[in-house]
Amino acid sequence: MPVTYPADATATTYLFTLRGKVNTPTVADARELHNKTAGSADGIAAARALGDLSHNVYTSAGNSAGSDEILIIDYWNSPTGFGQFFADPQVQAGAELLFTEREGILWAPTSGFGDFHLALPSGASPAAVGLLRAGVASLEEAAAAFNAYAAATINTARKYGQIAHATWSRRPNPGETISPEVIGVDLWIDADQMNAYYQLGIGFEHFGPVFADGPQTSVWQAAEGQWTEW
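About the thresholds
Sequence order as written defines residue numbering, which begins from 1 separately in each chain. Totals for whole chains, interfaces and linings use all residues, but because this is a predicted model, local features are given only for residues with pLDDT of at least 70 and pairs of side-chain atoms are given and counted only at 80 or more. Side-chain metrics rest on all non-hydrogen atoms present in the structure, leaving aside hydrogens and water. A pair of Phe, Tyr and Trp rings is counted when the ring centres sit within 6.5 Å of each other, with Trp represented by its six-membered ring. The angle between the planes then sorts it: under 30 degrees is stacked, over 60 is edge-to-face, the rest tilted. Only DSSP runs of H or I reaching four residues or more are called helices, and only runs of E reaching two or more are called strands; each is numbered from the N terminus. Only protein chains enter the accessibility calculation, which uses a 1.4 Å probe. A residue is then buried if its area is under 20% of the maximum for its type, exposed if over 50%, and partly exposed in between. Here, residues are in contact when the closest pair of their heavy atoms is within 4.5 Å. We call two N or O atoms a polar contact when they sit within 3.5 Å, provided that within protein one can donate a hydrogen and the other can accept it, with sequence-adjacent residues counted only if both atoms are side-chain atoms. Salt bridge, as used here, is a side-chain nitrogen of Lys or Arg placed within 4 Å of a carboxyl oxygen of Asp or Glu. Every definition here rests on a 1 Å grid over the protein atoms only: cavities are sets of points where a 1.4 Å probe fits but cannot get out, pockets are open sets enclosed by protein on both sides within 12 Å along at least five of seven lines, and lining residues have some atom within 4 Å of a point. Grid points are joined across faces, edges and corners, and a volume is the space filled by probe spheres set on the points. Gly is put with the polar residues, along with every residue not named as nonpolar or charged; the nonpolar set is Ala, Val, Leu, Ile, Met, Phe, Trp, Tyr, Cys and Pro, and the charged set is Asp, Glu, Lys and Arg. Of all possible arcs, the one meant is that of the directions from the helix axis to the C-beta atoms.

Q: In this structure, what is going on with the packing of aromatic side chains? I would like to understand it.
A: Any aromatic ring pair is given by two values, namely how distant the centres are and how the planes are angled relative to each other. Tallied over the entire structure, the rule returns 18 aromatic pairs. Between Trp76 and Phe85, the ring centres sit 5.7 Å apart and the planes meet at 50 degrees, which makes this aromatic pair tilted. Ring centres 4.6 Å apart and planes at 50 degrees place the aromatic pair Phe146 and Phe207 in the tilted group. With Phe146 in helix α5 (residues 139-159) and Phe207 in the loop between α6 (191-198) and β9 (216-222), this pair connects stretches of sequence that are 61 residues apart. Side by side, Phe146 and Phe207 carry an identical accessibility label, which is buried.

Here's what the structure looks like:
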């Protein structure tokens, strides 16, 4: 039967990041639990009907990402559908089973931040993610800094296998007032090459003047095994 999507479902996409410590002896043990909850057929259908466009799972690749943590990245195109889905008691119960602690944030798209998306070489696939999250003095000042960073690094980063760079701003919950915060999301072909690139430390001088606090960085790789994704 045809699906009626929420009224605010458009071509504009929002980033959802969910980072948490798993409630199992190992991350590999969490896979079955994830697939029975977030990855169940009914759960996927419900999420998609409310605007969930994709769902991917990542595990630690070092640098501040714990071996007992997973990162889930979703893209949604309906903020109201997103809110409705995660307000569901069954969804909340599933998250309580999977995680001992967690933080989920919805991020809105930005413009002027030097984002780029490059083609993949034949046979390659996105295998790693680098995150940089920080409070900023203002989104306008941050845009100029992130754009300068991208201009200074894109050519070298591509040689190390970077596929894309996108920046998002934290979207407040209804009735919430927050300080400006952004997250930069880098996609890479290879986790080792990603880490080697970040060790070069190039371009970070552009960020200092606009960060309101110390940035949080972490690196992740595509989860091994049959995690249910879409």
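Q: Would you take a moment to explain the environment of Asn23 for this structure?
A: By secondary structure assignment, the location of Asn23 is in the loop between β1 (14-22) and α1 (27-36). When the C-alpha atoms of Asn23 and Leu33 are compared, they prove to be 9.5 Å apart, with ten residues separating the residues in sequence. Not counting the four nearest positions on each side in its chain, Asn23 is found in contact with Glu96, Leu97, Leu98, Phe99 and Thr100. For Asn23, the side chain forms a polar contact with the main-chain oxygen of Leu97, separated by 3.3 Å.

Q: Hey, could you run me through the pattern of salt bridges in this one?
A: Enumeration over the complete set of coordinates arrives at six salt bridges. One salt bridge connects Arg19 with Glu69, and the closest N-O pair in it is separated by 2.8 Å. Pair noted here: Arg19 is in strand β1 and Glu69 is in strand β3 (residues 69-76), with a separation of 50 residues, a long-range link. Across the pair Glu181 and Arg133 runs a salt bridge whose closest N-O atoms are separated by 2.4 Å. Of this pair, Glu181 sits in strand β8 (residues 181-188) while Arg133 sits in strand β6 (residues 128-135), and the two are 48 residues apart along the sequence.

Q: What should I look at first to understand empty space enclosed by the protein in this one?
A: Rolled over the atoms, a probe with the dimensions of a water molecule shows which regions are left empty. Applying the stated criterion to the full structure yields one cavity of 30 Å³ or more. Considering only enclosed or pocket space, the largest cavity measures out at about 40 Å³ in volume. In terms of lining, the largest cavity is formed by Phe116, Tyr149, Ala150, Thr153, Ala157, Gln162, His165, Asp186, Trp188 and Tyr197. Put simply, the parts of the chain that give the lining of the largest cavity at least two residues each are α5, β7 (162-170) and β8.

Q: Would you mind showing me how to read the layout of surface pockets here?
A: Size it by volume and the largest pocket reaches roughly 920 Å³. Together, 42 residues line the largest pocket, and Phe85, Phe86, Val91, Gln92 and Ala95 are the ones closest to its centre. For the lining of the largest pocket, the elements supplying multiple residues, two or more each, are β1, α2 (41-49), β2 (52-60), β3, α3 (79-87), α4 (89-98) and β4 (99-109). A total of seven residues in the lining of the largest pocket trace back to one element, the largest contributor, which is α3. Residues belonging to the lining of the largest pocket are distributed by class as follows: 21 nonpolar, eleven polar and ten charged.

Q: Hey, could you run me through the side chain of Thr153 in this one?
A: Along the polypeptide, Thr153 turns up in helix α5. Beyond its immediate stretch of four places on either side in the chain, Thr153 contacts Tyr197, Ile202 and Gly203.

Q: Even after reading the chapter, I still don't get α3, so can you show me in this structure?
A: Given 3.6 residues to a turn, an α-helix orients residues that are three or four positions apart in the same direction. Buried residues of α3: Pro79, Gly81, Phe82 and Phe85, and no others. All buried residues of α3 lie within an arc of 160 degrees about the axis, which places them on one face of the element. Opposite the buried face of α3, at more than 90 degrees from it, the exposed residues are Gln84 and Ala87. Elements in contact with the buried residues of α3: β1, α2, β3, α4 and β4.

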